[in-house]
Structure formats: C-alpha cells, structure tokens
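# Reading the structure
Single-letter residue listing:
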Amino acid sequence: MNQNDNASEGTNQSQTVLSAAQPTGQLTLGNYLGALRHWVPLQDQYANSLYCIVDLHALTVRQDPQELRQRVMELAAIYLACGIDPQRSTIFIQSHVPAHSELNWLLSTFTQMGELERMTQFKEKAQRHKTNINAGLFSYPVLMAADILLYDAHKVPVGEDQKQHLELARDIATRVNGVYGKIFQVPDPLIAKEAARVKDLQDPTKKMSKSAPSELAKIMLLDEPAKILKKFKKAVTDSEGVIRYDEQNQPGVANLLTIFRACTGQSEEEALAHFSHNMYGKLKVETGEAVIAALDPVRTRYQELMDEPGYLAGVLKEGAVQARARAEGVMGRFQEALGLTLDGTRFGDA
Ligand code: TYM
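As a starting point, this report considers the structure included with it. (Residues numbered from 1 in each chain as written. Predicted model: local features only at pLDDT ≥ 70, side-chain atom pairs only at ≥ 80, totals over all residues. Heavy atoms only, no water.)

## Concerning the overall build of the protein chain
On a plain count of helices and strands, the protein chain comes out with 14 helices and 5 strands. By the compact-globule yardstick of 20 Å for 350 residues, the protein chain fits well, its C-alpha radius of gyration being 21 Å. Principal-axis analysis of the C-alpha atoms places the extent of the protein chain at approximately 75 × 45 × 45 Å. Sorting the 350 residues of the protein chain into buried and exposed places 48% on the buried side. Taking the contacts inside the protein chain whose residues are at least 6 apart along the sequence as the reference set, 76% of them involve residues at least 24 apart. With 38 positive and 43 negative side-chain charges, the protein chain shows a separation of 4 Å between the mean positions of the two kinds. (Helix = DSSP H or I, 4+ residues; strand = E, 2+ residues; numbered from the N terminus. Rg over C-alpha atoms; globule rule 2.2 N^0.38 Å. Buried < 20%, exposed > 50% of the residue type's maximum accessible area, 1.4 Å probe, protein only. Contact = heavy atoms within 4.5 Å. Lys, Arg positive; Asp, Glu negative; His and termini not counted. Charge placed at Lys NZ, Arg CZ, Asp CG, Glu CD.)

## Digging into the site of the ligand
Of all residues adjacent to the ligand, which total 25 residues, the nearest are Y140, D147, G159, D161 and V198. Contact distances for the ligand include 2.9 Å between an oxygen atom and a backbone N or O atom of G159. If the ligand stood free it would expose 710 Å²; the protein chains cover 96% of that surface. For the shell around the ligand, the secondary-structure elements that each account for two or more residues are strand 1 (16-21), helix 1 (29-45) and helix 8 (140-149). Of the residues that constitute the shell around the ligand, the class distribution is 14 nonpolar, 8 polar and 3 charged. (Near = heavy atom within 4 Å. Polar contact = N/O pair within 3.5 Å; in protein donor to acceptor, adjacent residues only side chain to side chain. Areas by Shrake-Rupley, 256 points an atom, 1.4 Å probe, with all protein chains shown as cover. Nonpolar A, V, L, I, M, F, W, Y, C, P; charged D, E, K, R; others polar.)

## Describing empty space enclosed by the protein
This structure, assessed with the given rule, holds 2 cavities of 30 Å³ or more. Empty space within the largest cavity amounts to approximately 70 Å³. Taken together, P23, T24, G25, Q26, L27, R71, E74, L75, I78, L222 and Y302 form the lining of the largest cavity. In terms of residue count, the dominant contributor to the lining of the largest cavity is helix 3 (residues 65-82) (4 residues). Counted by class, the lining of the largest cavity contains 6 nonpolar, 3 polar and 2 charged residues. Roughly 50 Å³ of internal volume is contained in the second largest cavity. Q121, F122, K125, L137, Y140, P141 and H165 together form the lining of the second largest cavity. Put simply, the parts of the chain that give the lining of the second largest cavity at least two residues each are helix 6 (120-129) and helix 8. Along the lines of polarity and charge, the residues of the lining of the second largest cavity split into 4 nonpolar, 2 polar and 1 charged. (1 Å grid on protein atoms, 1.4 Å probe; cavity = no way out; pocket = protein on both sides within 12 Å on 5 of 7 lines; lining within 4 Å. Points joined across faces, edges and corners; volume = space filled by probe spheres on them.)

## With respect to the pairing of strand 2 (residues 48-53)
Where a strand is regular, its side chains alternate between the two sheet faces. Most of strand 2 sits out of view: 5 of its 6 residues are buried. For strand 1 and strand 2, the ladder comprises 6 bridges, and the chain directions are parallel. Bridging from a neighbouring strand, A21 pairs with I53 of strand 2. On the question of chirality, the crossover connecting strand 1 to the parallel strand 2 by way of helix 1 is right-handed. As judged from the 5 bridges shared by strand 2 and strand 3 (residues 89-93), these two strands associate in the parallel manner. Along strand 3, the bridge assignment pairs Y51 with I91. (Pairing = 2+ DSSP bridges. Right-handed = clockwise from strand over helix to strand, strands pointing away.)

## Let's talk about the packing of aromatic side chains
The final tally for this structure, using the stated rule, is 8 aromatic pairs. A ring pair is formed by W39 and Y51, whose centres lie 4.5 Å apart and whose planes are at 10 degrees; its orientation type is stacked. One end of the pair, W39, is in helix 1; the other, Y51, is in strand 2, with 12 residues separating them in the sequence. Taken together, the ring pairs connect F110, Y180, F184 and F334 into an aromatic cluster. The ring of Y140 carries the charged tip of K125 above its face, separated from the ring centre by 4.5 Å. (Phe/Tyr/Trp six-rings, centres within 6.5 Å; stacked < 30°, edge-to-face > 60°. Lys NZ or Arg CZ within 6 Å of the ring centre and 35° of its normal.)

## Here's the deal with the pattern of salt bridges
One pass over the structure, following the stated rule, counts 19 salt bridges. A salt bridge links D188 to K155, with the shortest nitrogen-to-oxygen separation between them at 3.6 Å. Within this pair, whereas D188 is found in strand 5 (residues 188-190), its partner K155 is found in strand 4 (residues 155-157), the two being separated by 33 residues in sequence. Just as D188 is buried, K155 falls in that class too. Its salt-bridge partner being D223, residue K231 comes within 2.6 Å of it at the nearest N-O pair. Here K231 matches D223 in class, with each residue buried. Each of D44, D85 and R88 takes part in a single network of salt bridges with overlapping partners. (Salt bridge = Lys/Arg side-chain N within 4 Å of Asp/Glu carboxyl O.)

## A few points about the packing of helix 1 against helix 3
Two elements in contact, helix 1 and helix 3, have axes separated by 8 Å at closest approach and are oriented at 65 degrees. Contacts between helix 1 and helix 3 involve Y32, L36, W39 and V40 on the former and, on the latter, I78, Y79 and C82. Along the lines of polarity and charge, the residues of the contact of helix 1 with helix 3 split into 7 nonpolar, no polar and no charged. (Axes fitted to C-alpha atoms, helices over the stretch in contact; angles between N-to-C directions.)

## What about the environment of H274?
Topologically, H274 is positioned in helix 12 (residues 268-274). Distance in space between the C-alpha atoms of H274 and A58 is 42 Å, their sequence separation being 216 residues. The contact partners of H274, leaving out residues within four places of it in the chain, are F260, Q266 and E286. At 2.6 Å, the side chain of H274 forms a polar contact with the side chain of E286.

In short, shape yes, function no, at least from these values alone.
As structure tokens, then:
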C-alpha cells in the first residue's frame, strides 16, 4: 500500500483507518483484492479502524427493502469472514449513525457543482442508468466525504476507482479548514500497488464490476470452486501466445498475472518464470486455482456466520454505538464553527 504518512501527524499507532463498501449484491474478486483483504492487516498497524456498510449510498439505485436488509447482513458477514475483527474494529451500518446524513448536507454547501460534474464515476453511472439519474447519485461523493471526515480518518484503503472521490474529500476538508481552522483531518488514500484495479474477465480493458451483465466477466466472492475455474478457463486473452506482462497490448494476460500474483504472493519475476514456455491454458487454470485457495476460507467462514444472525446483529449494534460516540466530537466541532449551536449546545441535547 502507498503509505505517505505525514510525520507531524504522529505514528500509525495514534491514527484512524476507515473504509466502506456498498451492500448492493455480492462482492467481486475486485472488491476483495483491491480493498477488503488490505483492511485486515491494518487492524494491527493503526490505533483505530472503522469499516462501514454504506446503505445510504446503495439507495442511489432503487432497492427492495427486504433485499437491502438481507444484503446488509450478508456484507457484515463478509467483513467478518475476510478477517475484520469486531474486537479491534468498529463495524457499522452508515444509516444507523444519523450524523453521516447531517454532515453530508453541511459539506454539500462547501462543494461546487463543477467538482461533482467532473466525477468520472458519476458520468459512467449516469450513462449506464439512463433513467433515475437522481440528485443523490450526483452528490454521492459528498456523502462519501462525510463518511470519512466524520471520524477524523487519517487513512482510507480503497481500490483505484475511488481515488477521485478521495481527492474531493481532501479538497473539501482543506477548504473547510481554510475557513474555520482545523476542523477536519485531511485523509490520505491507501491504494495498493498491486491489484488496485482488477479487470473484467471478458473485457480486460474495464474494471471488474458487480454490475457487469455477463456472469463470466466477474468472479463473485462466494462463487463455488467449479464456477470460478470455469470463468477463468473462459477468460478473454489474445492471440500473441506469449505470457508476459504488457497491460497495453495484452490486457487479459496482464490481468490474469495480476490476480495470480495477488493470490499467491509471487513477484512479477517469479510469476513470469513460473509460466515461461507455457500456454495460456495453464495460466488460466492456475490463476483459477489460486483464487479458489484464497477465497475458500472466506466462503466457509461466511456460511458459518450466516447461521448466527444474532451474533451479526450484536456486532452491528455495538458498532453503531461506538461510531455514534466517535462522530459526536467532529460534529460538535463543526456545528460550533458554523454557528449552529447556542452557547455550545443545541436544544434537546442531553
Ligand atoms: P464499492 O462498494 O464499489 O467497492 C468497495 C471497494 O472495492 C474496491 N473495488 C475494486 N478494487 C480493485 N479492483 C476492482 N475491480 C474493484 N472494484 C471495486 C473499491 O475501490 C472500494 O474500495 N464509494 C465506495 C464506498 C464508500 C467508501 C466510503 C469507501 C462509501 N463511503 C468511505 C471508502 C470510504 C464504493 O462504492 O465502493
């Protein structure tokens, strides 16, 4: 991961890490390799870590309420199955901490329309959705900035596709601080050097995404081994017939090598030496097998956790209590600076 720690901010041991994912269907191998697997070791490296389930972001697309509830529980089980430990991290549901919505509004008054219009994810999604291009979709990155700034997060581990959103969060924080003094911690993205953008198996020029219409394009975290192998065997490559790392001219092969390396821990040299004189068939099968081995413990643990709904609910309840308490400090500071409190309090506050 890119660790551009600022020495003046103290050591990791006093810093906070925060990240999140949307509860919109099963996660992909891209979510796992680009983000979730990195969250686990950070629990040992940083003083505080918070992992949020962003159900409000999911509402930018119409959701069936029953299904959304189920997806939230499934995502909580996935976080735990990947190794997020509720003893060391706060795992919580975004909408259960109302301050996210309040801060979203306040920050939107510090965000320019032009900044949001430049967001590539909005442009992509607006093109894909065609109908229901709602204001929430447009201001999605402001809510994301609120998620981060609410907890004084120093580091935000994400895949490359979230980089632009992180830059906006930094800009908003810096802008507010410029007016009112230090209200917000300016967050740094933590983007892995490897597999920060896992590609679609059928069109390796695009990122692997849940929303890809073809099942063959994406590996889902809970796919059965046989299905994973089948998808890798059908992965699109090229007609060069040589295994080398050339993202420009051989994006399919480069993507398979990236996935293989991310799951085996091999360096580029080791992987290329391993496959030298081999055909694409071996690369596809061995990449599939490496992914199966990496995801197997996650799938097993996930099944066990889904049989313990009471435990999952307890973790989320405790997480909400902790997150609400943490959010109070930043909100209080910002409300005070903006003039939303009278003599330091708001009517009705305890
Ligand atoms: P989401 O739910 O789309 O994705 C969750 C995480 O997975 C990463 N990711 C990928 N990484 C590598 N290759 C891919 N193909 C790939 N696809 C997804 C994403 O970069 C992300 O880290 N806006 C965010 C959720 C969010 C958030 C936040 C994240 C809301 N508030 C605050 C961090 C901090 C999103 O939609 O992620």
